[in-house]
Each structure stands twice: as C-alpha cells, then as structure tokens.
Amino acid sequence: MRQSIVKQTGSAVLVLAALGLAGCEKERAPGVFDVSLGEAYRRLSNDKLADMVYAKQCGILIHVAPTGMPVGTTDRQVTWRVRSSDREVVQFTAYLSPVGEKQTKVEIRVPAAPDGGEMYDGTKFYKRPAFNQPLRPAVQEQVAAILEGRKFDVQRVGPGRDKVCDVQRGGLTTGLKFTIDD
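The rules behind each value
- Residues numbered from 1 in each chain as written.
- Predicted model: local features only at pLDDT ≥ 70, side-chain atom pairs only at ≥ 80, totals over all residues.
- Heavy atoms only, no water.
- Helix = DSSP H or I, 4+ residues; strand = E, 2+ residues; numbered from the N terminus.
- Buried < 20%, exposed > 50% of the residue type's maximum accessible area, 1.4 Å probe, protein only.
- Areas by Shrake-Rupley, 256 points an atom, 1.4 Å probe, with all protein chains shown as cover.
- Pairing = 2+ DSSP bridges.
- Phe/Tyr/Trp six-rings, centres within 6.5 Å; stacked < 30°, edge-to-face > 60°.
- Lys NZ or Arg CZ within 6 Å of the ring centre and 35° of its normal.
- 1 Å grid on protein atoms, 1.4 Å probe; cavity = no way out; pocket = protein on both sides within 12 Å on 5 of 7 lines; lining within 4 Å.
- Points joined across faces, edges and corners; volume = space filled by probe spheres on them.
- Salt bridge = Lys/Arg side-chain N within 4 Å of Asp/Glu carboxyl O.
- Contact = heavy atoms within 4.5 Å.
- Core = buried A, V, L, I, M, F, W, Y, C linked by side-chain atoms within 4.5 Å.

(A) Spotlight on the overall build of the protein. Counting its regular elements, the protein contains five helices and five strands. Each helix and strand of the protein, placed in order from N terminus to C terminus, yields the pattern α-β-α-α-β-β-β-β-α-α. For the protein, the residues scored as buried account for 36% of the 182 residues in total. When the accessible surface of the protein is totalled, it reaches about 11100 Å², and 56% of it is carbon and sulfur.

(B) Representation of the pairing of strand β3 (residues 75-84) within the structure. One ladder, built from nine bridges, connects β3 with strand β4 (residues 87-98); its direction is antiparallel. Within β4, the position partnered with R83 by the bridge is E88. The turn linking β3 back onto β4 is made up of two residues, and S85 within it adopts a positive phi angle of 50 degrees.

(C) Quick peek at the packing of aromatic side chains. If you walk through the whole model with that rule in mind, you get two aromatic pairs. Sitting over the face of the ring of Y95, R109 holds its NZ or CZ atom 4.0 Å from the ring centroid.

(D) Spatial organisation of the layout of surface pockets. Here the largest pocket defines a volume of roughly 150 Å³. In terms of lining residues, the largest pocket is bounded by I60, R87, E88, V89, M119, Y120, Y126, K127, R128, P129, A130 and I180.

(E) Inspection of the pattern of salt bridges at higher detail. Counting across every chain of the model gives 11 salt bridges. Of the charged contacts, one joins E39 and R43 as a salt bridge, the two residues approaching to 2.9 Å between their closest N and O atoms. Here R43 and E39 lie together in helix α2 (residues 37-45), a separation of four residues that amounts to about one turn. The partly exposed category is assigned to E39, whose relative accessible area is 24%.

(F) Broad picture of the side chain of Q57. On the secondary structure map, Q57 appears in the loop between α3 (50-56) and β2 (63-71). Not counting residues up to four positions away in its chain, the partners in contact with Q57 are M52, I62, A130, F131, C165, R169 and L172.

(G) Focus on the pairing of β4. Here β4 runs beside strand β5 (residues 104-109); their pairing, made up of six bridges, is antiparallel. The residue bridging Y95 from the neighbouring strand is E107, located in β5. Between β4 and the antiparallel strand that follows it, β5, lie five residues; G100 among them carries a positive phi value of about 75 degrees.

(H) Region of the structure containing the nonpolar core. Of all hydrophobic cores here, the largest spans 40 residues; its most connected members are L44, M52, W80, F92, F131 and L147. Among the secondary structure elements, those contributing two or more residues to this core are α2, α3, β3, β4, β5 and α4 (136-148). Here the element with the most residues in this core is α4; it accounts for six residues.

Dropping the structure here:
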C-alpha cells in the first residue's frame, strides 16, 4: 500500500509539473513586443497618442504629430513632435529594431534638456508645461499599449510630480486656458 501512495504522489507531481511547464512562455526582454517590425512601425507612425495626451496633458493646448522614418534597411523610427502656440515644446522618438520576424525591440529617446538630464524627466521646471512629469514612463506605456493592442493605463505610469501642471490641469477642466506665453 505504501508503494502505491508513493506512485500516486509521484504521478501527481509529474502531471502538475508538466502542466506548469506547458503554461510557461518564454519571457520577453524589456522593450520587446510580439509584433513584426513593419506592423509596429505602421501602428506607431499612425498614432497621435491621444490616450496619453488626455491623461498627462497640463493646461496648455498641445498637438501631437507622429512622423515615421525608415533608418537603413531594417530599422525604423517614429518621432512625435509636440507643439503649442505654433512652437515645438518637446519631441520624443521610438527607435524600432527587428528581433526575428515576429518581434520588435523599441527604445524610447527623449532629448536632453539644456541644463542636463532629459526634458520632462521629473526634475525640470516649466512655467507652462505640456505634460505632467516624468514623461518617459507615459511614453513607454503608450507605446506598449499600442503594440500590445490594449488601452493606455495611467496606473502603470504612476502619479505625476509636476505641481504647476496639477494647477494648470485643474484650470483646463474648468475652462481656463493657458498658452505657453502666459
């Protein structure tokens, strides 16, 4: 009887281990998405990031325009230029590289600020900010949402740290409009 309990227990453990391994997928590296380079480029170069803008915009009216550009024979890039009052206030770029035929690696770059670091990194002061800082996590989440076929989730970004933005965004909800020159 003791041998049969050991056999049953051993068989149960083997079945559970097999089921556990069957459910495992190879984990993706950070910034790698299960979409081809061409499809990633098409999706990103046609998206004005409306969900991110709605969630992270401050009090000034901004317009976001994507521009796609092939780089060499295999890589691509998409740059979003953010304008307010006919002036560019910030831009950021997604660099896309193939990882096999069905995966794409995305690297987000935000330009350097004149005083060091990158623009909108959470440590900068802007009299009339375009976005609640830090910007990079919001861009990364928006790109991931687009490439994974889901909605932008502001909870994945974390709270903004820009008090000026919070005040101006409050004005925006009540109809008060700011320009970058106010």
